[in-house]
Amino acid sequence: MSTRSATDIDPKHSVSVGLIAGISIIFMGLVGLAVGLNERILIDPILSLGYLFLLAVPLGAGYIAANETVLEGMQAPEKGTRDIVAGALAGLAGGAMVGLFLILLDTVDLSEKMPAWGDRLLDMLSFNQGVGGGVVVAALVGTVLGALGGAIHVLKDEPRRVIKIVIISVLSFAILEAIVDDVLGEIGLKPVAKFLYSKSGGLSVLPAILVGIVALGFAIGFKGKGDELKTRYDTMEEAERKQVNKYALIAVVVAAVVLPMLLGKIVNELLANVGLFVLLALGLNIVVGRAGILDIGYVAFFAVGAYGMAVLTTPEAPWRINDTLVHDIFGWLPVLPWLVALPIVVVMTGFVGLLIGTPVIRMRGDYLAIVTLGFGEIIRLLFLSDWLSPTLGGSQGIRNIPGVNVGVTEINGTKPQYVFYLVAVFVAIAIYISHQMETSRIGRAWMAIREDEPVAEAMGINTVTTKLIAFVTGAVLASFSGAIFAAKVGSTFPNSFLLLVSIIILVVVIVGGMGNIPGVILGAVVLIGILGGPKQPGLLAEFSQFKLLIYGALLVFMMLKKPEGLLPNAARTRELHIDEALQDAWLKGDKPSSEDEVATA
Amino acid sequence: MIAVKRSKQSVLRTNNSVDLFLTVIRVVSLIVIALGLLLFFIEQIRGTALNGDAPLTGGAIRGLFVTGVSQGAMYGLIALGYSMVYGVLGFINFAHGEVFMAGAMSAWITSNILFDNGMWEGGFSFIIALLIVLLVAIVVSTLATILIERIAYRPRRESPRLIPLITSIVVSFFMQNAVLGLFGPASKTLPAPPSWMSDSYTFLEIEGTKILVMVIAAISMAGLWVFVERTKTGKAMRAVAEDKEIAALMGIDVNRTIVTTFAVGGAMAGVAGVLWGLLFRGVSSQTGFLPGIKAFTAAVIGGVGNLGGSMAGGLILGVAESVGPLLILKPMTIPAVSQLKDAVAFAVLVLVLLFKPTGLFGERLASEDRA
């Protein structure tokens with residue numbers, strides 16, 4: 001193939017990518033993300049988190065513009081200067097659009113309607129150059145970054161990998177400042193932290209370069225080691241592999257026990273929150289991922305678990321004090337310790353699950369979704385109402401919930417480390433239950449129902465009972481989480497159980513990988529750990545204001561590009577990428593007779 | 001490739017305990033409703049409520065009824081979008097509530113601009129201003145829904161059913177937060193309409209705004225009906241809803257028809273957004289959520305895919321929601337029933353799906369979507 005000229009590009013494609021990039025930048029500016037995150041310095045004094053977001057866009061656009069679709073079985077188009085030109089063009093288009101926006105920002109005043117509209121945004125987007133200078137600078141920066149993006153595309157795989165590792169390491173050290181600082185302080189290396197981070201926050205320039213060099217060393221030194229390990233693991237004998245799995249499990253357990261002791265309060269708090277969401281996500285994973293029942297009122301069971309625990313274990317619970325019917329009937333009931341109350345709470349939540357599940361289980365998928373949502377809201381509104389407030393406290397909620405008394409100590413919110421241990425025990429139980437059920441007859445029945453309900457029914461599966469079992473199991477796992485939540489926080493309010501919680505749990509399951517236990521855990525660690533839960537702050541506490549927006553954007557992206565999640569379930573991936581699977585099969589020469597055959601292969 | 005169509009004729013189901021349970025729920029809910037109504041009538045006849053208050057007066061009940069009808073008209077307009085999209089694509093477009101919210105937001109902006117220019121008063125100029133607001137809202141909502149369809153739904157149209165459904169929930173979540181970020185959390189109010197709008201008219205003493213809302217809803221509905229039943233595009237829409245493949249074979253551009261369906265639904269949601277602005281005057285990024293769910297309930301009540309049914313379902317739901325708590329819950333001495341208004345709306349949804357999941361006036365769905 002002859003060398004292609006540098007101008008052999010698809011200008012329409014480049015420009016449209018660039019315009020989308022421009023719109024993204026303007027959107028980030030207008031929602032306040034850019035200015036809001038500008039306070040957070042990553043590398044003092046060069047880069048702030050806000051600029052990182054803005055500058056990453058043209059870089060990515062350049063890369064995408066340079067990327068050409070490679071058809072399977074065709075020779076890949078030669079990479080070269082044309083990629084850089086395509087990237088630069090995209091960057092220029094994006095930059096020009098931002099320039100136009102700058103002029104608009106200067107001439108029209110919409111600050112009354114849009115809070116982010118104003119001089120601060122103008123200053124930031126124009127790099128403090130004013131409007132005239134800003135237009136030039138925006139176009140210039142866009143072009144340069146776009147060309148850089150294109151250049152990254154030209155690079156061979158190996159240097160690209162190294163660059164990626166270096167950049168990610170430096171950024172992680174900068175972004176995870178709080179946790180690194182916390183950990184270093186805990187193990188007595190405070191001076192190191194002082195050296196790494198500047199006073200105004202963020203890595204200083206010199207340490208940033210050092211971190212980059214160390215990462216470079218690792219990236220080159222450990223080249224291909226990961227793949228090597230994987231092939232070795234894959235080629236192991238069955239018995240040997242089991243042995244390795246056992247060691248890995250022991251290592252995980254030891255790490256789970258030892259690590260929290262080394263970590264500070266912030267990280268332990270975070271881990272405990274992540275654990276609570278892992279529990280919830282594991283439960284929803286059974287319902288949505290395994291049985292294919294889209295329950296978006298899942299928070300209801302979390303709420304029932306928490307309220308159940310609060311009602312049973314709190315001496316000053318409203319129903320014990322106020323003179324109501326509930327008091328008259330159950331007044332004799334003693335205040336129970338957490339461990340005794342737990343089985344009651346579980347049974348109670350399971351019963352609620354049955355109550356909600358039975359009427360909805362036969363509905364069409366989307367009707368079911370909206371009805372579960374309705375039930376979730378009904379339960380929250382009832383908790384909130386004046387009608388039940390003599391029993392459940394209404395908007396005042398239930399306060400002073402005691403912690404978990406385990407003999408030696410009482411586990412409550414002031415000791416996040418113990419809460420984490422408690423959560424970890426229940427996560428282990430939940431993983432065990434999930435795994436056992438998935439690999440059993442009932443798990444296969446769920447899968448059959450998810451794939452094709454009428455056929456499953458024709459094969460003799462009792463679909464109603466099977467789906468109900470999934471629904472109730474999910475409810476029970478959520479009740480674990482709720483029960484721990486009540487003891488950890490020490491109070492329950494109806495507003496802790498918004499629909500938002502259901503959606504975030506769903507996000508965790510989808511992003512992690514529906515139907516796959518490790519995926520779901522990874523999803524919870526990544527999302528809840530880094531971005532934070534609905535009310536709980538994550539590692540990036542500075543995101544709190546934009547957390548939900550980022551969640552939303554991330555989710556839309558995931559649904560469009562990778563609906564199977566980060567760590568996908570194999571069967572599901574095939575189903576979602578049926579075209580690619582068909583193409584692969586065609587290339588290999590065996591022609592499947594129908595789509596179904598590939599999906600179930 | 002010819003997709004293998006499976007008959008979804010269900011095999012005989014034998015789950016007696018589940019059936020029994022469902023029957024129990026049905027009977028219990030009927031008893032609760034009957035009891036509430038009975039107590040209500042006793043109160044009315046006796047002249048005092050059970051908790052000692054004075055019972056509802058005729059005027060109060062009429063007022064609730066009128067409020068219910070005007071809100072119901074708005075729900076009906078939103079419900080049309082759910083219904084039509086469900087008709088062609090077979091999934092609930094959760095983001096439709098947000099399309100409605102976009103319309104209401106645009107109404108907030110345009111009406112305030114017009115108010116600043118002195119057009120939001122008087123008789124004739126107010127009507128012109130209102131038409132401008134309506135037009136802008138229709139354009140905004142239509143654009144929003146077309147964009148959503150293009151970006152989020154089209155690429156995944158052939159995926160398993162759960163995927164577009166989750167995508168629509170996700171899009172709705174994203175739009176709520178994007179609007180919150182763009183326009184800030186501060187409360188947003190439309191300017192007060194001219195005084196002749198808040199006077200009462202006719203022997204029913206209906207407020208001017210409510211008359212206006214009903215009139216606008218009726219005109220939009222009539223326009224939509226003419227469009228769907230009398231134009232060629234409308235015919236294409238009905239054909240695509242019936243069977244996409246056959247419609248394509250008949251030379252109908254299925255993609256374009258789907259976009260048209262979304263656009264028409266979006267336009268109706270835009271009108272509904274303006275009606276929301278007229279009725280409540282307050283708009284926020286959360287505005288779309290509850291009306292969206294309620295409108296979906298209305299679509300189910302009327303029968304999904306059935307346009308007249310959606311409108312009727314909206315009216316029924318509006319009245320039920322407005323009158324129901326006072327008629328059924330309050331006589332049972334439940335305090336602060338207005339707090340439970342939304343819970344009642346959700347309960348209506350559950351009950352409708354329990355008693356008659358195909359709606360009161362029958363569904364009109366593509367053959368493959370019929371359960």
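This one's a predicted model, so the numbers in the text were calculated from it and none came from an experiment. (Residues numbered from 1 in each chain as written. Chains lettered and ligands numbered in written order. Predicted model: local features only at pLDDT ≥ 70, side-chain atom pairs only at ≥ 80, totals over all residues. Heavy atoms only, no water.)

On to the overall build of chain B, then. Each helix and strand in chain B was counted, giving twelve helices and four strands. Here the C-alpha radius of gyration of chain B, 22 Å, is about what a compact globule of 371 residues would show, namely 21 Å. Along the longest, intermediate and shortest principal axes, the C-alpha atoms of chain B span 70 × 65 × 40 Å. The buried share of chain B, reckoned over its 371 residues, is 53%. Taking the contacts inside chain B whose residues are at least 6 apart along the sequence as the reference set, 76% of them involve residues at least 24 apart. (Helix = DSSP H or I, 4+ residues; strand = E, 2+ residues; numbered from the N terminus. Rg over C-alpha atoms; globule rule 2.2 N^0.38 Å. Buried < 20%, exposed > 50% of the residue type's maximum accessible area, 1.4 Å probe, protein only. Contact = heavy atoms within 4.5 Å.)

A count of helices and strands for chain A gives 29 helices and five strands. What you see for chain A is a C-alpha radius of gyration of 27 Å, in line with the 25 Å of a compact globule of 601 residues. Projecting the C-alpha coordinates of chain A onto the three principal axes gives extents of approximately 85 × 60 × 50 Å. Looking at chain A as a whole, 51% of its 601 residues qualify as buried. About 27,400 Å² of surface is accessible on chain A, with carbon and sulfur atoms providing 68% of the total. (Areas by Shrake-Rupley, 256 points an atom, 1.4 Å probe, with all protein chains shown as cover.)

A few words on the sheet that holds strand E1 (residues 41–44) of chain A. Within a beta sheet, neighbouring strands are joined by backbone hydrogen bonds and run either parallel or antiparallel to one another. All names here are of chain A. The mixed open sheet is built from three strands, whose spatial order is E2-E1-E3. With partners counted over all chains shown, the strands left at the sheet margins are strand E2 (47–48) and strand E3 (203–204), one partner each. Note: E1 against E2, two bridges, orientation antiparallel. Paired with Ile43 across the strands is Leu47, a residue of E2. (Pairing = 2+ DSSP bridges.)

Moving on, we come to the interface of chain A and chain B. Of the residues lining the interface, 64 residues belong to chain A; the matching set on chain B comes to 67 residues. It is Lys113, Arg362 and Tyr367 of chain A that lose the most area in chain A upon contact with chain B, and together they represent 12% of the buried surface on that side. On the surface where chain A and chain B come into contact, there are one salt bridge. Of the charged contacts in the structure, one is a salt bridge between Arg362 of chain A and Asp19 of chain B, with a shortest N-O distance of 3.0 Å. Counting residues per element, the side of chain A that touches chain B draws most heavily on helix H18 (residues 365–384) of chain A, at 13 residues. (Buried area = accessible area lost by both parts, 1.4 Å probe. Salt bridge = Lys/Arg side-chain N within 4 Å of Asp/Glu carboxyl O.)

The next thing to look at is the domain arrangement of chain A. Split by domain assignment, chain A resolves into domain 1 (1–154) and domain 2 (248–281 + 290–505). Here the C-alpha centre of domain 2 of chain A lies 45 Å away from the C-alpha centre of domain 1 of chain A. (Domains from an automatic or database assignment.)

All names here are of chain A. It is at 7 Å that the axes of helix H3 (residues 49–66) and helix H4 (residues 81–107) come closest, and there the two elements cross at 135 degrees. Relative to H4, H3 is oriented oblique. As H3 runs across H4, the sense of the crossing is right-handed. Between H3 and H4, the contacting residues are Ala61, Gly62, Ala65 and Ala66 on the first element and Arg82, Asp83, Ala86, Gly87 and Ala90 on the second. Split into classes, the residues belonging to the contact of H3 with H4 amount to five nonpolar, two polar and two charged. (Axes fitted to C-alpha atoms, helices over the stretch in contact; angles between N-to-C directions. Parallel < 35°, antiparallel > 145°, perpendicular 65-115°, else oblique. Left-handed = near helix turned anticlockwise from the far one by under 90°. Nonpolar A, V, L, I, M, F, W, Y, C, P; charged D, E, K, R; others polar.)

Moving on: the confidence of the model for chain B. With 92% of its residues at a pLDDT of at least 70, chain B reaches an overall mean of 84. A low-confidence stretch, residues 1–13 of chain B stays under pLDDT 50, and its non-local contacts, those more than four residues away or across chains, total 14 contacts. (pLDDT = per-residue confidence, 0-100.)

Here we come to the pairing of E1 of chain A. All names here are of chain A. Counted between consecutive antiparallel strands, the loop separating E1 from E2 contains two residues. The pairing of E1 with E3 spans two bridges and is parallel. Within E3, the residue paired with Ile43 across the bridge is Leu203.

Let us look at the packing of helix H2 (residues 58–89) of chain B against helix H7 (residues 232–242) of chain B. All names here are of chain B. With their axes 6 Å apart at the nearest point, H2 and H7 run at an angle of 55 degrees to one another. In terms of orientation, H2 and H7 fall into the oblique class. Listed contacts from H7 to Met84, Gly87 and Val88 of H2 are Met237, Val240 and Ala241. The class makeup of the residues in the contact of H2 with H7 is five nonpolar, one polar and no charged.

In this section: the nonpolar core. Within the largest apolar cluster, 265 residues are counted, with the highest numbers of intra-cluster contacts made by Leu294, Trp338, Val371 and Ile484 of chain A together with Leu77, Ile166 and Leu275 of chain B. Ranked by residues supplied to this core, first place goes to helix H23 (residues 463–489) of chain A with 15 residues. No fewer than three residues from each of domain 1 (1–154) and domain 2 (248–281 + 290–505) of chain A sit in this core. Those residues in contact with Ile166 of chain B, other than ones at most four positions away along the chain, are Leu294, Leu506, Ile510, Met514 and Met559 of chain A. (Core = buried A, V, L, I, M, F, W, Y, C linked by side-chain atoms within 4.5 Å.)

Okay, the packing of aromatic side chains next. Taken as a whole and assessed by the stated rule, the structure comprises 24 aromatic pairs over all chains. Between Tyr51 of chain A and Phe127 of chain A the ring centres are 5.3 Å apart and the planes differ by 20 degrees, which places this aromatic pair in the stacked class. Of this pair, Tyr51 of chain A sits in helix H3 while Phe127 of chain A sits in the loop between helix H5 (119–125) and helix H6 (130–154), and the two are 76 residues apart along the sequence. Here Phe91 of chain B and Tyr153 of chain B contribute two aromatic rings whose centre-to-centre distance is 5.0 Å and whose plane-to-plane angle is 80 degrees, an arrangement assigned as edge-to-face. Here Phe91 of chain B is found in the loop between H2 and helix H3 (96–116), whereas its partner Tyr153 of chain B is found in helix H4 (residues 124–153), with 62 residues between them in sequence. We note that Phe91 of chain B, like Tyr153 of chain B, is buried. An aromatic cluster is defined as three or more aromatic residues linked by ring pairs; in this entry it consists of Phe302, Tyr307, Phe383, Phe485 and Phe497 of chain A. Just above the ring of Trp108 of chain B sits the side chain of Lys113 of chain A; from NZ or CZ to the centre is 5.5 Å. Its guanidinium or amino end placed over the ring of Trp108 of chain B, Lys188 of chain B lies 5.5 Å from that ring's centre, counting from NZ or CZ. (Phe/Tyr/Trp six-rings, centres within 6.5 Å; stacked < 30°, edge-to-face > 60°. Lys NZ or Arg CZ within 6 Å of the ring centre and 35° of its normal.)

For the rest of this paragraph, the subject is H18 of chain A. If you check H18 of chain A, its first and last C-alpha atoms are 29 Å apart, about what 20 residues at 1.5 Å a residue would give, namely 28 Å. Judged by how many residues are buried, H18 of chain A sits mostly within the fold: 17 of 20 residues are covered. (Expected span 1.5 Å × (residues − 1).)

Residue and element names in this part refer to chain A. Taking 1.5 Å per residue, 15 residues should reach 21 Å; helix H25 (residues 517–531) reaches 21 Å between its end C-alpha atoms and fits that length. Those residues of H25 lying buried are Ile517, Gly519, Val520, Gly523, Ala524, Leu527, Ile528, Gly529 and Leu531. In this fold, the buried residues of H25 make contact with helix H13 (265–290), helix H20 (416–438), helix H24 (499–512) and helix H26 (547–561). Immediately downstream of H25, the backbone of Gly532 shows phi near 105 degrees, a positive value.

Residue and element names in this part refer to chain A. In the Ramachandran plot, Asn128 falls in the positive-phi region, its phi being about 60 degrees despite a non-glycine side chain. Mapped onto the fold, Asn128 is located in the loop between H5 and H6. One non-glycine residue, Asn400, lies in the positive phi region at around 55 degrees. As for its placement among the helices and strands, Asn400 is situated in the loop between helix H19 (389–392) and strand E4 (404–405).

Right, let's talk about the environment of Ser491 of chain A for a bit. Residues and elements named next belong to chain A. Mapped onto the elements of the fold, Ser491 is located in the loop between H23 and H24. Remark: the alpha-carbon pair of Ser491 and Gln396, spanning 95 residues in sequence, is separated by 9.6 Å. Apart from the residues lying within four places of it in its own chain, the contact partners of Ser491 are Ile398, Arg399, Ile401 and Ala486.

With that out of the way, let us pick up the pattern of salt bridges. In a structure, side chains of opposite charge can pair up when their charged atoms sit close to one another. The full count for this structure, using the stated rule, is 18 salt bridges over all chains. Among the salt bridges present, the one from Glu564 of chain A reaches Lys562 of chain A, with a minimum N-O distance of 3.7 Å. We classify Lys562 of chain A as partly exposed; its relative accessible area is 32%. One salt bridge in this structure joins Glu321 of chain B and Lys294 of chain B, with 2.6 Å as the shortest N-O distance. Linking Glu321 of chain B in helix H11 (residues 307–329) with Lys294 of chain B in helix H10 (residues 289–302), this pair joins segments that are 27 residues apart in sequence. The pair formed by Glu321 of chain B and Lys294 of chain B is uniform in burial state, with each residue classed as buried.

Further remarks concern the side chain of Ser48 of chain A. Residues and elements named next belong to chain A. Along the chain, Ser48 turns up in strand E2. Within the structure, the side chain of Ser48 is placed 2.6 Å from the side chain of Asn38, a separation counted as a polar contact. Setting aside its immediate chain neighbours within four residues, Ser48 contacts Leu37, Asn38, Arg40, Ile41 and Leu42. (Polar contact = N/O pair within 3.5 Å; in protein donor to acceptor, adjacent residues only side chain to side chain.)

Tracing the backbone through its elements, the reader meets Ser310 of chain B in helix H11. Other than its neighbours up to four places away in sequence, Ser310 of chain B contacts Gly76, Ala79, Leu80, Ser83, Ala298, Ala299 and Gly302 of chain B.

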